[in-house]
Amino acid sequence: MSEPKADSTENATHPLSRRSLVKGLALVPLAAVGLPGCSAAASDTSESADTPGERYTPTFFKAEEWAFIVAACDRLIPHDEHGPGAVELGVPEFIDRDMQTPYASGDIWYMQGPFVEAPPELGYQGRLTLRDILRVGLGAADAHCRRQFDGKTFAALEPAQQEAVLKSAESGELQLEGISSKVFFAELLAEVRNGYFSDPVHGGNKGMGSWKMIGYPGMRADYTDWVEVRDKPYPLPPVDLAGRRG
Amino acid sequence: MAVMQPKVDAVIVGMGWTGAIMAKELTDAGLRVVALERGPDRDTQPDFAYPKVVDELEGSVYRKFLQSLSQETLTIRHKIGDTAVPYRQIGSFKPGTGVGGAGSHWSGCHFRGLPEDLKLRSHVEQRYGRRFIPPEMTIQDFPVTYEDLEPHFDHFEHVCGTSGKAGVLNGVRQEGGNPFEGSRQRDYPLPPNRNYLGAEWFYKAAREAGYHAYPIPASNASGPYVNPYGCQMGPCNFCGFCSDYGCLNYAKASPNVCILPVLRLRKDFVLRTNAQVVRVNLDRARTRATGVTYLDAQGREVEQPADLVLLCAFSLYNVHLMLLSGIGKPYDPVANTGTVGRNYSYQGKSAVEMFFGEDVQANGFIGIGGGGTTMDDLNGKQLDNGKAGFVGGGIIWARQPGAGPVRGIAVPPGTPGWGSAWKRAIKESFRHSFYYEVQGACMSYRSHYLDLDPTYKDAFGRPLLRMTFDWHENEIKASQFLTGKALDMCKTLKPKAMSGEGWKTGSHYNVTIYQSTHTCGGAVMGDDPRTSALNRYLQSWDVPNVFAPGANAFPQNNGYNPTGIVGALTYWAAKAIREQYLKTPGALVHT
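This structure is a prediction, so every number in the text was calculated from the model and none was measured.

Turning our eyes to something else, we now look at the overall build of chain B. Regarding its fold elements, chain B presents 15 helices and 24 strands. Computed over the C-alpha atoms, the radius of gyration of chain B is 23 Å, within 12% of the 25 Å expected from 2.2 N^0.38 for a compact globule of 591 residues. Principal axes of the C-alpha set define a box for chain B whose edges measure 70 × 55 × 50 Å. Here the contacts in chain B between residues at least 6 apart in sequence split such that 75% fall between residues at least 24 apart.

Given below as structure tokens:
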């Protein structure tokens with residue numbers, strides 16, 4: 001493994017509206033939380049103190065869509081006493097980048113018609129690819145919020161209101177124009193989790209924050225010496241694909 | 001106008017386990033062989049090299065080692081009369097593509113068949129009476145016995161460096177192995193792998209329940225090994241990237257590691273990748289194959305004439321090619337005629353998750369695909385099906401192919417899927433939970449079958465394969481019974497919380513949740529050409545210069561993983577080709 005090197009993500013611009021930036025900042029921790037498997041010094045990296053929204057300019061999402069994504073990330077995986085939240089780990093950046101991969105445009109899905117209704121056990125039968133599920137879905141969810149909450153978008157709602165909207169989408173109760181709220185929510189949550197947990201090379205999980213929280217050694221991929229150890233926790237902090245240590 | 005390639009002795013469709021075995025055996029016999037693989041070439045270097053290969057997003061979300069469904073997939077419906085819809089996203093099963101096929105991203109569980117499972121209908125009829133088998137259940141004996149296959153089981157284990165412990169050696173029971181297995185001529189080439197916590201605790205739980213636990217035979221090398229072909233394997237380092245991934249360590253057996261290094265040096269072996277076979281060409285009488293037509297990387301039609309055609313694609317695509325090419329008669333479930341597509345079966349799986357406190361270091365991120373502990377007390381002849389009330393058995397096992405967080409973190413029942421409560425739960429359970437699984441047999445039925453879809457097409461303009469399948473009452477009963485036994489076993493380990501249940505009565509096959517890649521049948525082997533597409537040598541009854549080795553040949557599925565039987569059957573068929581067919585080309589079985 002090579003020695004840790006500085007995070008090279010340096011696209012410093014200001015994509016967030018002032019309002020959501022302030023909201024995002026308000027959620028950044030003041031005190032470091034206790035993390036398993038690493039010393040306080042190791043967790044106190046410059047990366048974990050950053051607000052990635054400040055540095056990353058979305059190239060897929062438009063400003064209003066981006067505000068939705070940031071707000072949704074903050075509700076789905078909030079910063080709390082258990083560990084870092086999705087926003088501070090750069091999950092919005094991950095999603096924006098992931099939307100521009102072949103995967104998100106249907107590279108591994110069968111996308112030929114006809115598109116028909118089928119029992120849920122037979123799987124997704126829609127004609128939207130992943131990136132369009134997110135784009136259409138969040139547009140429709142924002143339209144719903146504007147109707148329901150005096151013209152306010154999702155990002156402008158109070159946290160409790162945002163949670164209620166997300167819960168209603170999760171259950172499929174929320175009626176959206178053009179798309180099933182359940183399909184939209186399931187893909188959104190999957191993307192948020194993917195960004196939170198995948199290797200930092202993909203834009204999220206800055207400083208391996210989620211791995212430190214759960215005690216995942218990351219990309220070590222060699223446990224020959226620990227298979228039969230029962231009496232103590234696995235001792236090493238994570239490493240990522242670039243060879244950095246957490 | 002198709003480009004015409006020079007004629008060869010044999011053309012092989014697909015370069016996974018069956019294709020690699022056939023290529024080795026037929027070039028050994030002096031044949032000139034061309035293999036056509038629809039996917040790219042792959043090898044440990046550079047495709048499975050560390051660290052790139054362990055990128056969980058690429059492996060388990062982008063699924064870079066699996067087949068993309070954009071070009072080819074199938075349609076699925078639950079019953080005759082329903083409209084089938086495409087399997088648009090990978091869910092319940094994961095076909096492979098590329099050199100190595102599913103044999104490069106499998107886990108490594110490497111079982112032999114049980115003697116009684118290979119003659120299932122006879123066994124059930126003798127023990128429980130003919131009327132115990134429901135009329136719509138179309139199970140059959142394999143047309144080969146355990147004794148026929150034993151040398152081939154043995155050889156394939158030695159090609160794969162399988163790590164395990166014999167339970168019955170030349171008829172004598174051995175301590176520590178599976179006491180219920182068929183007798184073997186010698187032990188596994190390597191001893192069992194070391195146990196992670198869940199595999200170790202399985203012994204404790206099994207003992208309390210009176211079961212006979214033994215190490216899962218794993219084609220994940222427990223030490224350095226050189227196979228009979230001179231191919232080298234390294235010891236498994238429990239990296240945790242097995243299922244879905246190629247092995248970074250030369251430790252998991254694969255065609256790439258165990259056979260291709262030899263093939264690639266042979267001048268009589270030509271491997272063409274990105275070569276999509278679209279049909280087998282037949283003569284006018286449809287009794288002889290003249291070769292295959294494929295699309296090259298650019299999409300140009302190429303014809304490859306050959307004396308012998310070996311269908312070595314993933315089981316479902318073998319059936320697809322037979323249907324598209326007019327090899328044999330398509331099965332019609334209403335008239336109950338034809339054989340191609342008949343007896344599609346699958347496999348049942350359920351899991352029991354156990355959650356413990358911080359003092360239990362389960363460390364699910366430590367992973368080995370095939371390694372673990374299982375038991376056969378509820379499988380094969382050990383299970384009293386008369387009492388249990390269903391046909392077929394199953395196994396319960398501790399397995400831990402490697403858990404990274406992108407692949408999902410199990411949480412106790414009742415935990416929300418997001419927010420602070422979820423975060424707290426994943427943090428508590430990630431290192432301190434593990435699961436035992438049930439893998440159950442799946443019988444074949446008159447109404448479960450494969451044919452061509454009337455509506456949907458693949459990227460090459462061909463009708464997609466259509467699957468008509470659902471869980472039958474028999475399999476639902478089995479799932480409830482076996483999962484109940486697993487829950488009883490798990491309780492003795494005293495977890496803080498646990499979850500898991502068998503399928504609910506009336507529930508349907510769900511393609512969105514990973515279940516098993518053990519799709520079986522559709523072109524089954526048998527003694528009667530009215531009820532099998534292939535004879536006992538995996539030779540088409542109708543077009544004798546076509547052989548179709550693979551899990552497509554299983555008349556129904558048992559409780560084990562299929563690869564051990566698939567490999568042995570392929571060596572069995574290759575032997576028949578070498579020793580009988582090549583001397584007198586033509587049908588090897590006459591009725």
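What follows concerns the overall build of chain A. Looking only at helices and strands, one finds 10 helices and zero strands in chain A. Starting at the N terminus, the α and β elements of chain A follow one another as α-α-α-α-α-α-α-α-α-α. Looking at chain A as a whole, 50% of its 246 residues are labelled buried. In chain A, once contacts between residues fewer than 6 apart in sequence are set aside, the share between residues at least 24 apart is 66%.

A few words now on the interface of chain A and chain B. Taken together, the 48 residues of chain A in the interface contact 56 residues of chain B. Elements represented by at least two residues in the side of chain A that touches chain B include exactly α9 (181-197) and α10 (209-214) of chain A. Taken together, the residues of the side of chain A that touches chain B sort by class into 29 nonpolar, 12 polar and seven charged.

To continue, consider the nonpolar core. A general trend in soluble globular proteins is that nonpolar side chains are found buried together. Residue and element names in this part refer to chain B. Core analysis: the largest hydrophobic core is formed by 249 residues, its most contacted members being I12 and V13. Top element by residues in this core is helix α15 (residues 563-581). It accounts for 10 residues. If we ignore the near neighbours within four places in the chain, the residues touching V13 are L36, V277, V292, L310, L311, C312, A313 and L321.

Let us look at unusual backbone geometry. Residues and elements named next belong to chain B. Look at the link from Q45 to P46: it is a cis peptide, with omega at 5°. A cis amide bond, omega 0°, links Y50 with the succeeding residue P51. Of note, P51 is situated in the loop between α2 (44-47) and α3 (56-61). Non-glycine residue Y250 carries a positive phi angle of around 55°. With respect to the helices and strands, Y250 occurs in the loop between β10 (232-233) and α9 (255-258).

Next up on the list: the confidence of the model for chain A. Put simply, chain A has an average pLDDT of 84, and 78% of its residues get 70 or more. A low-confidence stretch, residues 1-50 of chain A (pLDDT under 50), is modelled with 77 contacts involving residues beyond four sequence positions or located in other chains.

This part is about the sheet that holds strand β20 (residues 449-457) of chain B. Residue and element names in this part refer to chain B. As summarised here, the arrangement of the four strands in space is β5-β4-β21-β20, forming an open sheet in which the pairing is mixed. Each of the sheet's edge strands pairs with one partner strand only, and the pair in question is β5 (85-86) and β20. Relative to strand β21 (residues 463-468), strand β4 (residues 74-77) runs parallel, the two sharing four bridges. In the strand pairing of β21, R77 is matched with T468.

All names here are of chain B. Packing of helix α8 (residues 197-209) against helix α14 (residues 473-491) brings their axes to within 8 Å, and their N-to-C directions diverge by 110°. Judged on the interaxial angle alone, α14 and α8 are roughly perpendicular. Residues A205, A206 and A209 of α8 form the contact with α14, whose participating residues are D488, M489 and C490. Considering only residue class, the contact of α8 with α14 consists of five nonpolar, no polar and one charged.

Here we come to the pairing of β21 of chain B. Residues and elements named next belong to chain B. Counting buried positions along β21 gives five out of six residues, so the element sits mostly inside the fold. Two strands pair when backbone bridges link them, and β20 and β21 are joined in this way by five bridges, in the antiparallel orientation. Paired with Y449 across the bridge in β21 is T468. Hairpin connection between β20 and β21: a loop of five residues separates the two successive antiparallel strands, and G461 in this loop has a positive phi of roughly 85°.

With that out of the way, let us pick up the sheet that holds strand β17 (residues 368-375) of chain B. Residue and element names in this part refer to chain B. One open sheet holds the six strands; their spatial order is β8-β17-β18-β19-β16-β22, and the pairing between them is antiparallel. Each edge of the open sheet is held by one strand with a lone partner, namely β8 (213-215) and β22 (497-499). Looking at each pair of strands side by side, their axes are set apart by 25° on average, direction ignored. The sheet contact formed by β8 and β17 spans three bridges and is antiparallel. From the neighbouring strand, A213 faces β17, where its bridge partner is M375. Strands β8, β17, β18 (394-400) and β19 (433-440) of the sheet are contacted by α8, whose axis makes an angle of about 5° with β17.

Below, the discussion takes up the environment of H123 of chain B. Residue and element names in this part refer to chain B. Here H123 is to be found in helix α6 (residues 120-128). Between the alpha carbons of H123 and N195 there is a distance of 35 Å; along the sequence they are 72 residues apart. With sequence-adjacent residues up to four places away left out, H123 is seen in contact with E116 and K381.

Right, let's get into α14 of chain B. Residue and element names in this part refer to chain B. Its 19 residues place the ends of α14 27 Å apart at the C-alpha level, agreeing with the 27 Å of an ideal helix rising 1.5 Å per residue. Of the residues making up α14, those classed as buried are N474, E475, A478, S479, F481, L482, T483, A486, M489 and C490. On its buried face, α14 is in contact with α8, β16 (348-355), α12 (385-388), β18, β19 and β22.

The buried fraction of helix α6 (residues 91-98) of chain A is high, at seven of eight residues. Every buried residue of α6 of chain A is accounted for by V91, P92, E93, F94, I95, D96 and D98 of chain A.

Take the environment of R112 of chain B next. Residue and element names in this part refer to chain B. Along the polypeptide, R112 turns up in the loop between α4 (102-105) and α5 (115-118). On a C-alpha basis, the gap between R112 and L383 in space is 18 Å, while along the polypeptide they are 271 residues apart. Those residues in contact with R112 that lie beyond four places of it in its chain are F153, E181, G182 and G564.

Residue and element names in this part refer to chain B. A two-sided burial pattern is seen for strand β3 (residues 33-36), the buried positions comprising V33 and A35 on one face and V34 and L36 on the other. Pairing between strand β2 (residues 8-13) and β3: four bridges, direction parallel. Its bridge partner lying in β3, A10 is registered against V33. Read from β2 through helix α1 (residues 17-28) to β3, the crossover connection turns out right-handed. Note: β3 against strand β11 (residues 269-272), four bridges, orientation parallel. Within β11, the position partnered with L36 by the bridge is R272.

Moving on, we come to the confidence of the model for chain B. Taken as a whole, chain B shows an average pLDDT of 97; of its residues, 100% reach a score of 70 or greater. Both scores are available for the predicted complex, with the pTM at 0.93 and the ipTM at 0.96.

So, about the environment of G328 of chain B. All names here are of chain B. Relative to the elements of secondary structure, G328 occurs in the loop between α11 (315-325) and β15 (342-345). Between the C-alpha atom of G328 and that of Q556, which follows or precedes it by 228 residues, the distance is 20 Å. Those residues within four positions of G328 in sequence are excluded, and the remaining contacts are M322, T339, V340, A533, S540, W541 and D542.

A few words on the packing of helix α7 (residues 146-160) of chain B against α15 of chain B. All names here are of chain B. Two elements in contact, α7 and α15, have axes whose closest approach is 8 Å; the angle formed by their N-to-C orientations is 110°. Classified by the angle their axes make, α7 and α15 are roughly perpendicular. The handedness of the crossing between α7 and α15 comes out as right-handed. Two secondary-structure elements touch here, α7 through D148, L149, H152, F153, H155 and F156 and α15 through G564, G567, A568, Y571 and W572. Split into classes, the residues belonging to the contact of α7 with α15 amount to six nonpolar, four polar and one charged.

Reading the values: rules and limits
Residues numbered from 1 in each chain as written. Chains lettered and ligands numbered in written order. Predicted model: local features only at pLDDT ≥ 70, side-chain atom pairs only at ≥ 80, totals over all residues. Helix = DSSP H or I, 4+ residues; strand = E, 2+ residues; numbered from the N terminus. Rg over C-alpha atoms; globule rule 2.2 N^0.38 Å. Contact = placed C-beta atoms within 7 Å. Buried ≥ 20, exposed ≤ 12 C-beta atoms within 10 Å, placed from the backbone. Nonpolar A, V, L, I, M, F, W, Y, C, P; charged D, E, K, R; others polar. Core = buried A, V, L, I, M, F, W, Y, C linked by C-beta atoms within 7 Å. pLDDT = per-residue confidence, 0-100. Pairing = 2+ DSSP bridges. Axes fitted to C-alpha atoms, helices over the stretch in contact; angles between N-to-C directions. Parallel < 35°, antiparallel > 145°, perpendicular 65-115°, else oblique. Expected span 1.5 Å × (residues − 1). Right-handed = clockwise from strand over helix to strand, strands pointing away. Left-handed = near helix turned anticlockwise from the far one by under 90°.

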